[in-house]
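Below, each chain spelled out in residue letters.
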Amino acid sequence: MINQQSYKAHEEHIHRVSAELQASGADFSLFQESSLGYFIHRQFWQLTDALARPGSSWLTVGDLYGADAAWFQRRGCEAMASDLTDSILGNIQKAGLINRFSVENVEKLSFGDNSFDYVFCKEAYHHFPRPAIGFYEMLRVCREAVVIQEPVDPVIHMPLLLFLRNILDRIDTGLMRRLWKNQYSFEPVGNYVHKISVREFEKMACSLGLPMLAYRGFNPGNVGAKATIEAQKKKIAFRDFLTATTVVPPEALSVIVFKRKPTGPTLADLEKQGYKLLDFPKNPYL
């Protein structure tokens, strides 16, 4: 099955990265506040500030280097890093950078229901061969909310692009693909790039009778760029300007799906961070 092939390909990728790190020497730049990598990842991490209170417990999913879990630890939270293998996480723990980790497949997490306050999934959701199954599992093991941060689906978040596709599909459903070569994108590691929209989580949350969702678009910059932090700040500022004028959508979304509606102070903190809050009605037939 495709999902089994995908997970196998990802495990092999992790083993290759681990071997390269061991051969070239451990790279802990994601844990160093002065590094470009840390700066880029912080654009994601800081969007959890309203939730990451000392003492709260977090499971990080697809946390290849354990850097997500390390961020929550620095804030006084209890964090469990997880990934498909222990190839890298084992060494990160030995280096004292994370406290705990677990080898996990997101489609069948080993934890019981409501084991953590929050589950954090940063730039891993698009690697899942069956994202919806992963989402329901993450929701199962959390008490409060699942936080998913991923690139934006441009078709959903750019009305003009959606309009163009609707017109072209009337002529030929393959025409859009010939004009937009990357309409269906795959990564070398073997996954389809599942970019997200608010709407897809809105529908799943409503179908489960969940109380609310919070979302915010943001522009994190490019972690792969060979540039300085100052250059990235300028790039982010320019993209923020374009996003504010609605010329283009944000590059990424931070979506928080709540199992329980948070308290007033938490909601206020989320709004201060630029989140939009969606309250869902109760199903009148259940």
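What you see is a predicted model; the values in this text were computed from it and never measured.

Participant: Explain the pattern of salt bridges here, please?
Facilitator: Pairs may arise between side chains of opposite charge once their charged atoms sit close together. Under the criterion given, the structure shown has 13 salt bridges. Its salt-bridge partner being Arg75, residue Asp49 comes within 3.4 Å of it at the nearest N-O pair. You can see Asp49 sitting in the loop between α2 (36–45) and β1 (57–61) and its partner Arg75 sitting in the loop between α3 (67–74) and β2 (78–83), a full 26 residues away along the chain. One salt bridge connects Arg130 with Glu107, and the closest N-O pair in it is separated by 2.5 Å. Remark: Glu107 occurs in the loop between β3 (100–103) and β4 (116–122) and Arg130 occurs in the loop between β4 and α5 (131–141); sequence separation between them is 23 residues. Its relative accessible area of 34% is what places Arg130 among the partly exposed residues.

Participant: I'm lost on the packing of aromatic side chains in this one. Help?
Facilitator: All told, the structure shown has 14 aromatic pairs when counted by the stated rule. Relative to Trp71, the ring of Trp45 lies with its centre 5.3 Å away and its plane at 25 degrees, an arrangement referred to as stacked. Placement of Trp45 in helix α2 and of Trp71 in helix α3 is noted, with a sequence separation of 26 residues between them. Take Trp45: its relative accessible area is 0%, and that puts it in the buried class. Judged by relative accessible area, which is 9%, Trp71 ranks as buried. Seen from their ring centres, Trp58 and Tyr118 are 4.6 Å apart, and the 25 degrees between their planes marks the pair as stacked. On the criterion of sequence distance, the pair formed by Trp58 in strand β1 and Tyr118 in strand β4 is long-range, its members being 60 residues apart.

The rules we used
Residues numbered from 1 in each chain as written. Predicted model: local features only at pLDDT ≥ 70, side-chain atom pairs only at ≥ 80, totals over all residues. Heavy atoms only, no water. Salt bridge = Lys/Arg side-chain N within 4 Å of Asp/Glu carboxyl O. Helix = DSSP H or I, 4+ residues; strand = E, 2+ residues; numbered from the N terminus. Buried < 20%, exposed > 50% of the residue type's maximum accessible area, 1.4 Å probe, protein only. Phe/Tyr/Trp six-rings, centres within 6.5 Å; stacked < 30°, edge-to-face > 60°.

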